[in-house]
Amino acid sequence: GAGVSQSPSNKVTEKGKDVELRCDPISGHTALYWYRQSLGQGLEFLIYFQGNSAPDKSGLPSDRFSAERTGGSVSTLTIQRTQQEDSAVYLCASSLQGYEQYFGPGTRLTVT
Amino acid sequence: DAKTTQPPSMDCAEGRAANLPCNHSTISGNEYVYWYRQIHSQGPQYIIHGLKNNETNEMASLIITEDRKSSTLILPHATLRDTAVYYCIVGFREYGNKLVFGAGTILRVKS
């Protein structure tokens, strides 16, 4: 079946602009996670959704970052007033009832 | 969550078995061992998980020691496409089990 999809695959934006990253999880997966991976760095957790609610937002680096999930499906990660340090690959994963996580291909964000 | 220790890199000849070790000496009784891998420029890929018993699936085998303080991921016949960073992660199998990725092991499969 279809895996996790993310769009866009690449995004170049100017410093100070807002960006929206989209994640379409595997159908039926109730849990959705956002991670990011900076160049040469490991993956770091950002936020977790169970259904449409986000019980764990502990990884969001600043209040410029927000995320929502609607209909228990699609999720959008929004970064306001982007900074160069926001440049990274943003990865989305979904899982069934908190079991094994299946990742999308990621969105590579470059802030110039 | 328990921490893991993995060698930074390993080489393996194509067609041979790749054995990737992981130490997790502080693992608690209800924590699982998960293995993921990340091929260059792709998102991480789930491989296998286990609690106490050895596990096998179409991708790999997972051998967990009796005291559960270490484990080994075995790729029985490594191919060039198995070249990737392999992550051993320990955690609870529950809602919101955010994965904590370490540095992993870079496995290079060579022809």
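Refer to the structure above for everything that follows.
Residues numbered from 1 in each chain as written. Chains lettered and ligands numbered in written order. Predicted model: local features only at pLDDT ≥ 70, side-chain atom pairs only at ≥ 80, totals over all residues. Heavy atoms only, no water.

## Concerning the pattern of salt bridges
Moving on, step 1. Throughout the structure, instances matching the rule amount to eight salt bridges over all chains.
Moving on, step 2. Measuring nitrogen to oxygen at the nearest pair gives 2.9 Å for the salt bridge that ties Arg93(B) to Glu100(A). Of the two residues, Arg93(B) is situated in the loop between β8 (84-92) and β9 (105-110) and Glu100(A) in the loop between β9 (88-95) and β10 (102-103); the pairing between them involves two chains.
Moving on, step 3. The class for Arg93(B) is partly exposed, based on a relative accessible area of 28%.
Moving on, step 4. For Lys110(B), the salt bridge goes to Asp11(B), with nearest N and O atoms at 3.3 Å. Of this pair, Lys110(B) sits in strand β9 while Asp11(B) is found in strand β1 (residues 9-13), placing the two residues 99 residues apart along the sequence.
Moving on, step 5. The class of Lys110(B) is partly exposed, set by a relative accessible area of 44%.
Moving on, step 6. Asp11(B) sits in the partly exposed class, given a relative accessible area of 48%. (Salt bridge = Lys/Arg side-chain N within 4 Å of Asp/Glu carboxyl O. Helix = DSSP H or I, 4+ residues; strand = E, 2+ residues; numbered from the N terminus. Buried < 20%, exposed > 50% of the residue type's maximum accessible area, 1.4 Å probe, protein only.)

## Regarding the pairing of strand β3 (residues 19-24) of chain A
Residues and elements named next belong to chain A.
Moving on, step 1. The alternating pattern of β3 places Val-19, Leu-21 and Cys-23 on a buried face and Glu-20, Arg-22 and Asp-24 on a face that is not buried.
Moving on, step 2. Here three bridges tie strand β1 (residues 5-7) to β3, and the two strands are oriented antiparallel to one another. Residue pairing across strands places Gln-6 opposite Cys-23, the latter belonging to β3.
Moving on, step 3. In this structure, β3 lies alongside strand β8 (residues 75-79), joined through five bridges in antiparallel fashion. When the sheet's bridge partners are listed, Val-19 is paired in β8 with Ile-79. (Pairing = 2+ DSSP bridges.)

These values are about where atoms sit, not about what they do.
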